[in-house]
Amino acid sequence: MTTDLPPLPEAFPSFRGFAPGESRQQTITQLIRECARSLQRREARPFYPMRQIAAFFDAPLRTVAISYETLDSEGLLARIRGSKTVLAGKRITARKPVNAVVGLPISLQAMIASPFECRLQMELEERLRARGHVADSIFFRPNEDYEPAFAERLVRHDLDFVVWHSPHPLAAHVLLSLRERGVRLVLLQPAESPLRVSARSHVLSWQNAYREMAAAWAADGVRRAVFAEPEHLLARRALRQLAPLLAEHAIKTHTVEADPSALSPLLTPASGPKDGKSVLGFMDFASADALCNGYPDFIDEISRHARVAFCRGAVRVPRLVTRRTRVDVVDLDAAALAEGVVEDLRDEQNQQEGVRATFHAEFLPQVVMGAGPSFP
């Protein structure tokens, strides 16, 4: 018997047996409901086992089980299968202690178009929850992330931390506003253009992978790299730093509007360099998604006679997946990045802000579209 509850005769003082024609099911359910409410305290506590209740009422165990099921659906009892029944407390409490609420801002478009962004979000959520944190994914629309209202929206989530992958340079005021409200910042920032905001920073380095990529292209006879004009400011900055690395290998860089009419003259077989091959490159998922999925016939045709390179992470392109087209990818390891960020977050001995770690991207040449670690 549960020792901190009164004996059953005291718990059901009005019960004197069942009247003729009375529904035992309804009567038992109502009596247990009244008993449970009278015994509720602020905190949850164990309740009488069903077998004990069945014996007291001289009723079938199935009848009592149905009553418990009804009160479970009402939120008064909680049946723990194979273990016990718990009487809910008057104050709702978490089943497990929460160490912190961690906000994970992410673009809606990125979740759809970028396998890396999707995988990183999943890996962060998994690891944060496993370590007692609440992972709060906060989606935003294009250009919303650097509007003043976005800071207010984040604050309403009652966050302790924000883990933000590559925040827009114009979002600095959003981050400063969060700091002023006591939210601690964890930023995953590209080495080319980190924000000057006090935060725990994890640097994302792409340069070694780009050097390897440039050497591989040159060895394959590539002499022209045509890039679709990136939409994101960070990507445009990264492209400016990539061009000199390609020039060291005699590869000329062209940046063109992400439109077939603008790109075709530079990528048709007849227009290519007479002494070498061409590459169509992308530096952000937005321009790659718009061009590749907006004009699938165009990207399919280009991929037949030029290398296609996703230089800032893979992008989902169903047409190329169906064709099992081989593409070049420069990407980060989402699982390793998430593990490093969450482990650092748990380090109570080092709460200082500043650079905490550097993660290096990897060049993956000619991988089959839709297969491998870049395409979960």
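Because the structure is a prediction, the values reported are computed rather than measured. (Residues numbered from 1 in each chain as written. Predicted model: local features only at pLDDT ≥ 70, side-chain atom pairs only at ≥ 80, totals over all residues. Heavy atoms only, no water.)

(A) Geometry of the overall build of the protein chain. A count of helical and extended segments in the protein chain gives 15 helices and 15 strands. The C-alpha atoms of the protein chain give 30 Å as radius of gyration, which overshoots the globular expectation for 376 residues (21 Å, by more than 25%). Each principal axis of the C-alpha atoms in the protein chain carries an extent, and together these give about 100 × 45 × 30 Å. When burial is assessed residue by residue, the protein chain has 50% of its 376 residues classed as buried. Across the protein chain, the fraction of contacts at a sequence separation of at least 24, relative to all contacts at a separation of at least 6, is 69%. Accessible surface computed for the protein chain: about 18700 Å², of which carbon and sulfur atoms make up 50%. In the protein chain, 47 side chains carry a positive charge and 45 a negative one; their mean positions are 4 Å apart. (Helix = DSSP H or I, 4+ residues; strand = E, 2+ residues; numbered from the N terminus. Rg over C-alpha atoms; globule rule 2.2 N^0.38 Å. Buried < 20%, exposed > 50% of the residue type's maximum accessible area, 1.4 Å probe, protein only. Contact = heavy atoms within 4.5 Å. Areas by Shrake-Rupley, 256 points an atom, 1.4 Å probe, with all protein chains shown as cover. Lys, Arg positive; Asp, Glu negative; His and termini not counted. Charge placed at Lys NZ, Arg CZ, Asp CG, Glu CD.)

(B) Looking closely at the packing of helix H3 (residues 50-57) against helix H4 (residues 61-73). Between H3 and H4, the least distance of the axes is 9 Å, while the angle of their chain directions is 120°. As far as their axial angle goes, H4 and H3 are oblique. Crossing handedness for the pair H3 and H4: right-handed. Mapping the contact onto sequence places Met50, Arg51, Ile53 and Ala54 in H3 and Leu61, Val64, Ala65 and Tyr68 in H4. Along the lines of polarity and charge, the residues of the contact of H3 with H4 split into seven nonpolar, no polar and one charged. (Axes fitted to C-alpha atoms, helices over the stretch in contact; angles between N-to-C directions. Parallel < 35°, antiparallel > 145°, perpendicular 65-115°, else oblique. Left-handed = near helix turned anticlockwise from the far one by under 90°. Nonpolar A, V, L, I, M, F, W, Y, C, P; charged D, E, K, R; others polar.)

(C) Geometry of the pairing of strand S13 (residues 326-331). Across the six residues that make up S13, a large majority, five, are buried. In the sheet, strand S12 (residues 307-310) pairs with S13 via two bridges, with the strands oriented parallel. Within the sheet, the bridge partner assigned to Ala309 lies in S13 and is Asp328. Each parallel crossover has a hand, and the one from S12 via helix H14 (residues 318-323) to S13 is right-handed. (Pairing = 2+ DSSP bridges. Right-handed = clockwise from strand over helix to strand, strands pointing away.)

(D) Here's a closer look at the sheet that holds strand S5 (residues 133-140). In space, the six strands of this open sheet follow the order S5-S4-S6-S7-S8-S14, with parallel pairing throughout. The outermost strands of the open sheet, each flanked by one partner alone, are S5 and strand S14 (354-360). This sheet shows a mean twist of 20° between the axes of neighbouring strands, independent of strand direction. Where strand S6 (residues 161-165) meets strand S7 (residues 184-190), five bridges bridge the pair, whose relative direction is parallel. Opposite Val162, over in S7, you have Leu185 as the bridge partner.

(E) Examining the sheet that holds strand S15 (residues 362-368) more closely. On the basis of which strands lie adjacent, the open sheet formed by six strands has the order S10-S9-S11-S12-S13-S15 and mixed pairing. In the strand order of this sheet, the two ends are held by strand S10 (252-256) and S15, each with one partner. Direction aside, the axes of adjacent strands within the sheet are offset by 25° on average. Judged from the four bridges that link them, strand S11 (residues 277-282) and S12 form a sheet pairing that is parallel. Residue pairing for S12: Phe282 is matched across the bridge by Phe310. Most of the contacts of helix H12 (residues 285-294) go to S11, to which it runs at about 120°, and overall it touches strand S9 (222-228), S11 and S12.

(F) Up close: unusual backbone geometry. Backbone geometry places Asn143, a non-glycine residue, at a positive phi of 75°. Note that Asn143 resides in the loop between S5 and helix H7 (148-155). The phi dihedral of Ser166 is positive, around 50°, even though this residue is not glycine. Position of Ser166 relative to the elements: it lies in the loop between S6 and helix H8 (172-180).

(G) Structural view of the pattern of salt bridges. Following the criterion strictly, the structure yields 22 salt bridges and no others. Note that Glu123 and Arg119 form a salt bridge whose closest N and O atoms lie 2.8 Å from each other. Pair noted here: Glu123 and Arg119 are both in helix H6 (residues 115-130), with a separation of four residues, about one helical turn. Arg119 gets classed as partly exposed once you look at its relative accessible area, which sits at 28%. Among the ionic pairs, Arg307 bridges to Asp220, the shortest N-O distance being 2.9 Å. Of this pair, Arg307 sits in strand S12 while Asp220 sits in the loop between helix H9 (207-219) and S9, placing them 87 residues apart in sequence. Given a relative accessible area of 28%, Asp220 falls into the partly exposed group. (Salt bridge = Lys/Arg side-chain N within 4 Å of Asp/Glu carboxyl O.)

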